[in-house]
Structure formats: structure tokens, C-alpha cells
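# Descriptive structure summary
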Amino acid sequence: MTTRGVLYVHSAPRALCPHVEWAVAGVLGTRVSLDWIKQPAVPGTWRAELSWQGDPASASKLASALRGWHLLRFEVTAEPCAGAEGERYSSTPQLGIFHAVTGPHGDILIPEDRLRAAMERAARGETDLAEEVSRLLGQPWDDELETFRHAGEGAPVRWLHQVV
């Protein structure tokens, strides 16, 4: 069972770029050399994209391998496949990591228990329901990463297949 996905490194300091490649190579089991281009949204940082194919757990493994670097902004997506939903991970230095399950059309699927918990917190006056749902949908991450996404339009993409 395999799926396809994309790793978007939205911004990384130059010194971190080889470490990102090593981490990705360790997950995918093949040599990785990304095409780094300057990230105009934050001078002094670089961006890259990588399309990958591998087992459905590859997205979570990529996100785990990259999440420890505070200055890194990235997203990892995986398409749904037989036996596995799709996934999306987003990470920023300020917000940390966000994970969502996605359906066949890319929509975020929020588990029932998370919705119920948000409704209960809002009913107790601990939070605003609209803010809770916004966080469940990853809106704060989308807001922060949108500038970086646009700055990378037209960037080259390289396909890699996981070695099994």
C-alpha cells in the first residue's frame, strides 16, 4: 500500500538545509538533494519542495523528523489511499505543529470527539467556539504560512519514490 505526498519546506536557514535533506533521506530510504531557492518572504532563508511516494506512515515520519528545528517552516501532505486517510502537517516556529486528517478531496476531517470537546469548552465559557473550530481546521497555521506559500509559486518540484 503506497500513497503520494508533498513536502513543502517554506523557510529554512541555509545552515539547516543539509540537515533537512538528511532527515528526509532517512525517512524515505533514498538519497535526497533538494533544489533550494531563496525565500523572499524572509531574507536569508531558503525553500524547497519534494513530491514523494511511499507508505502511508511516511507523512507522519517526515513531520516527526523535521519538527524539532525551531527555525523551520514546513508542510507535509499525503493523499488518501486504500486503507488510509490523507494527512496534512503544518509547522511554524511560533505555533508548533498542526496535524489534520484529510478526505479524498483535501477537506479536513475533524474527529467527533475533538468537536465535542471544543463545544464543551465553549459551553463552560473557557473559549470561543469559532476560535476552537478555527484551530481544529488549522487556520492559524494557514494564516502564518500563506505568505510563504505564495512566495514559492513556480518553484521546481522533484519526485522521489520510497525504497522498500
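Attention here is on the structure that accompanies the text. Please read all numbers here as calculations on a predicted model, not as lab measurements.

## Regarding the overall build of the chain
Across its full length, the chain carries five helices and eight strands. Secondary structure of the chain in N-to-C order comes out as β-α-β-β-α-β-β-β-β-α-α-α-β. A compact globule built from 164 residues should have a C-alpha radius of gyration of about 15 Å, and the chain, at 17 Å, falls within 12% of that. Along the longest, intermediate and shortest principal axes, the C-alpha atoms of the chain span 50 × 40 × 25 Å.

## Considering the side chain of Ser-11
Examined against the element boundaries, Ser-11 turns out to sit in strand 1 (residues 3–13). Take Ser-11: its relative accessible area is 0%, and that puts it in the buried class. At 3.0 Å, the side chain of Ser-11 and the side chain of Arg-73 are in polar contact. The contacts of Ser-11, once residues within four sequence positions are left out, are Gln-39, Thr-45, Trp-46, Leu-71, Leu-72, Arg-73 and Phe-148.

## Considerations on helix 1 (residues 17–28)
For helix 1, which comprises 12 residues, the first-to-last C-alpha distance of 17 Å matches the rise-based estimate of 16 Å (1.5 Å per residue) to within 8%. Among the residues making up helix 1, those that are buried are Cys-17, Val-20, Glu-21, Ala-23, Val-24, Ala-25, Val-27 and Leu-28. Looking at the residues trailing helix 1, positive phi occurs at Gly-29, about 75 degrees.

## Section: the pairing of strand 6 (residues 96–102)
Direction of pairing for strand 5 (residues 86–92) relative to strand 6: antiparallel, over a ladder of seven bridges. Counterpart to Glu-87 in the pairing with strand 6 is Val-101. As judged from the two bridges shared by strand 6 and strand 7 (residues 108–109), these two strands associate in the antiparallel manner. Looking at strand 7, one finds that Val-101 is bridged to Leu-109. As consecutive antiparallel partners, strand 6 and strand 7 are separated by five residues, and within that stretch Gly-106 has a phi angle of approximately 90 degrees, a positive value.

## Focus on the layout of surface pockets
The space that makes up the largest pocket amounts to roughly 210 Å³. Lining the largest pocket are 17 residues, and of these Thr-77, Ala-78, Glu-79, Glu-87 and Thr-102 lie nearest its centre. At the level of elements, strand 1, strand 4 (73–78) and strand 5 are the ones that each hand at least two residues to the lining of the largest pocket. With three residues, strand 1 is the largest single contributor of residues to the lining of the largest pocket. Of the residues contributing to the lining of the largest pocket, the split by class is six nonpolar, seven polar and four charged.

## Quick notes on the packing of aromatic side chains
Applying the stated criterion across every chain yields a total of one aromatic pair. In this structure, Arg-14 packs its charged tip against the face of Trp-46, placed 4.3 Å from the ring centre.

## Some details on the side chain of Thr-45
On the secondary structure map, Thr-45 appears in strand 3 (residues 45–54). Those residues within four positions of Thr-45 in sequence are excluded, and the remaining contacts are Ser-11, Ala-12, Pro-13, Ile-37, Lys-38 and Gln-39.

## Some points on the packing of helix 1 against helix 2 (residues 58–66)
Between helix 1 and helix 2, the shortest axis-to-axis distance is 9 Å and the interhelical angle comes to 150 degrees. By the criterion of interaxial angle, the relationship of helix 1 to helix 2 is roughly antiparallel. Note that helix 1 runs across helix 2; the crossing there is right-handed. Here Val-20, Ala-23, Val-24 and Val-27 of helix 1 come into contact with helix 2, specifically with Ser-58, Lys-61, Leu-62, Ala-65 and Leu-66. Taken together, the residues of the contact of helix 1 with helix 2 break down into seven nonpolar, one polar and one charged.

Cut-off values and rules
Residues numbered from 1 in each chain as written. Predicted model: local features only at pLDDT ≥ 70, side-chain atom pairs only at ≥ 80, totals over all residues. Heavy atoms only, no water. Helix = DSSP H or I, 4+ residues; strand = E, 2+ residues; numbered from the N terminus. Rg over C-alpha atoms; globule rule 2.2 N^0.38 Å. Buried < 20%, exposed > 50% of the residue type's maximum accessible area, 1.4 Å probe, protein only. Polar contact = N/O pair within 3.5 Å; in protein donor to acceptor, adjacent residues only side chain to side chain. Contact = heavy atoms within 4.5 Å. Expected span 1.5 Å × (residues − 1). Pairing = 2+ DSSP bridges. 1 Å grid on protein atoms, 1.4 Å probe; cavity = no way out; pocket = protein on both sides within 12 Å on 5 of 7 lines; lining within 4 Å. Points joined across faces, edges and corners; volume = space filled by probe spheres on them. Nonpolar A, V, L, I, M, F, W, Y, C, P; charged D, E, K, R; others polar. Phe/Tyr/Trp six-rings, centres within 6.5 Å; stacked < 30°, edge-to-face > 60°. Lys NZ or Arg CZ within 6 Å of the ring centre and 35° of its normal. Axes fitted to C-alpha atoms, helices over the stretch in contact; angles between N-to-C directions. Parallel < 35°, antiparallel > 145°, perpendicular 65-115°, else oblique. Left-handed = near helix turned anticlockwise from the far one by under 90°.

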